[in-house]
Amino acid sequence: MAHESYEGEEFPGVGRDAPGIVPLRATSGRGPEGSTAASVGSGARSALSIEAGVDELRIGDVDVAAARAVLAQIGADGAASLDRLSATETIAVLSRLQELSGAVAAVQARALIRLEEAVKEDCRRREETPEQALKIARSEVSTALKQSRSCAGQSMASCRRLVRSMPGMLTALARGQIVPSSAHRVGRTMAPASPEQRAQVDQILTAHLPYLEDCGPEEWGGEAEKVLHGLDPQGAAERHRTAKQERSVTVRRGEHGMCTVTARLPGLDGARLRKGLSIAAEKARAHGDRRGHQQIMADLFADALIGRGEGIDPSTLEIGVIITDRSLLAPDHADAATIEGYGAVPFEHIREEMREAMASVAEDPELAMTLRRLFTDPEDGQLVAVESTARSFPPALARFLRIAHQTCRAPHCDASIRQNDHIVPWSQGGPTSLDNGNGLCAADNQKEESGQSARVVHDENGTRRTVEWTTRYGQTSHRRSINFDPLGTGARLLRGADGTARPRPGPGFRPPDGEPEDPLRRALALIDPHPAVRERHREQHRLAPRRRDHVFFPHLTLITDRPWRGLEPGAA
């Protein structure tokens, strides 16, 4: 996890000032009673009792679980009294709820640190290492907060800094004077600082709270960084060198076929990039280009990176795309397409790329499209494939897992797939198969070290439906493969709710003559209703030798066993 190497020191206790630090006291703003700074260093601890259980949370005389149930009911069903509120009253509701969210976030921060300490105490009794205790704590937090393990680790780190070294920021968060995103931004900015430096920055920011209270997270982080630089200018260069080691590029799915590319670069490089793109866009506009300034910058950026300009050779880019025959041939009934490792995009985005590829194939035959048929289970839209007897997932099966899973299959994680994992470990007899395979990021592939276990959940016919993850302390989560037919499966679920769907076969059920039993046969049955032909396809699918070479074209790859000959007449 980013910045975790800075978290090894002992921290001053909560409610006490760091050694050698003279506490600051704010005299402006909210006054003695409302001032956050006035409470820093007081050392006061609440005597309220906490009773927590599976369905219970009571703090003092307040039944938090009951309050949550009331809020959930209003949020889900609405309320006539809410509909009658005036604008002023509605604003008051929003403000009080925002303050409530800040108080909850502050309690949550302290609870996260207590969970980490409790797990460490338990692991110490088990004679386990501190590193393993930290991994287990992250797994528990991930499941409790419904975050990926990476996000959970970052949340724990920023909370640790706030609780142990920055009580002024934590108090401001609890009182609703700053929002959780701003408080955690300050916590992340303080990652490379020492506990004493964090305490000093906390005092200065608390004194300036009346002037910063309504700033956004970016400004809060910038202010904290400026204060830290002023307190320790000699360490600024080392902090920059450390941060520079975390250079990275991320591509996240956006809406309606778009994406967001984020590059973490040195600030000067970023400024040069922006200025260069901006000047080029201005020149293009001066020469009559009617695109918007930002549009030109985005196009130039993409051109330089993916081969339309002097960038990466496009023939080295292997990008798999899943698109249904309905989207190709019957646009009025089309489904969303899926880009490997990225997610769903509008089908027309892929059709446009295909048309461009067909137009340019004569110029460069090496960049032609290639198609491969894939079959989904009609029951839940997941892909169907075959098994392997090798320990390492062979290339074809590994590729299939990446296509079927798209992103890490650990709970709450959307990271890219880096490794294929045996759900039941190979050392315990787990087979190398689609049923026992999971695409995971590198961190989640260490689930056993994090105190987690996973198992496949089958339906009554033995078909894999989901994977259940269990933490050491009994929290469970479920994650399944990608559903490539959400509309069809949703319609079947709705029909099931109405009682009009065909009942699912139970154990021992034998289908009528000619009706397929397994998911692949059912998928084939939707394509070809003739059993004899289905059997021939079945044997071809299992036994026929298949080519595994891929042919690429700019920005897109479609995988098939036969060359792409273009759309049928009238299908475009």
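First things first, this report covers the structure right here in the doc. (Residues numbered from 1 in each chain as written. Predicted model: local features only at pLDDT ≥ 70, side-chain atom pairs only at ≥ 80, totals over all residues. Heavy atoms only, no water.)

## A short note on the sheet that holds strand E13 (residues 464–470)
Consideration 1: The antiparallel open sheet is built from three strands, whose spatial order is E12-E13-E14. Since the sheet does not close on itself, it has two edges, and those belong to strand E12 (453–458) and strand E14 (476–479), each with one partner. Going from strand to strand, the sheet's axes swing by 30° on average, the running direction of each strand aside.
Consideration 2: Where E13 lies against E14, four bridges are found, and the strand directions are antiparallel. (Pairing = 2+ DSSP bridges. Helix = DSSP H or I, 4+ residues; strand = E, 2+ residues; numbered from the N terminus. Axes fitted to C-alpha atoms, helices over the stretch in contact; angles between N-to-C directions.)

## Structural notes on the side chain of Glu468
Consideration 1: Residue placement: Glu468 occurs in strand E13.
Consideration 2: Polar contacts involving the side chain of Glu468 include one to the side chain of His478, which spans 3.1 Å. (Polar contact = N/O pair within 3.5 Å; in protein donor to acceptor, adjacent residues only side chain to side chain.)

## A few points about the sheet that holds strand E7 (residues 337–339)
Consideration 1: The strand order across the open sheet formed by three strands is E6-E7-E8, and the pairing between neighbours is antiparallel. If you trace the sheet from one side to the other, it starts and ends with strand E6 (321–322) and strand E8 (343–345), each paired once.
Consideration 2: Judged from the three bridges that link them, E7 and E8 form a sheet pairing that is antiparallel. Counterpart to Ile339 in the pairing with E8 is Gly343.

## Focus: the pattern of salt bridges
Consideration 1: Under the definition given, this model contains 24 salt bridges.
Consideration 2: Among the ionic pairs, Lys120 bridges to Glu116, the shortest N-O distance being 3.8 Å. Here Glu116 and Lys120 lie together in helix H4 (residues 87–125), a separation of four residues that amounts to about one turn.
Consideration 3: Take Glu116: its relative accessible area is 2%, and that puts it in the buried class.
Consideration 4: Note that Glu218 and Arg185 form a salt bridge whose closest N and O atoms lie 2.9 Å from each other. Here Glu218, found in helix H11 (residues 217–231), pairs with Arg185, found in helix H8 (residues 180–189); they are 33 residues apart in sequence, far enough to count as distant.
Consideration 5: For Arg185, a relative accessible area of 23% puts it in the partly exposed group.
Consideration 6: Ionic contacts of the salt-bridge type, sharing partners, join the residues Arg114, Glu117, Glu121 and Arg164 into one network. (Salt bridge = Lys/Arg side-chain N within 4 Å of Asp/Glu carboxyl O. Buried < 20%, exposed > 50% of the residue type's maximum accessible area, 1.4 Å probe, protein only.)

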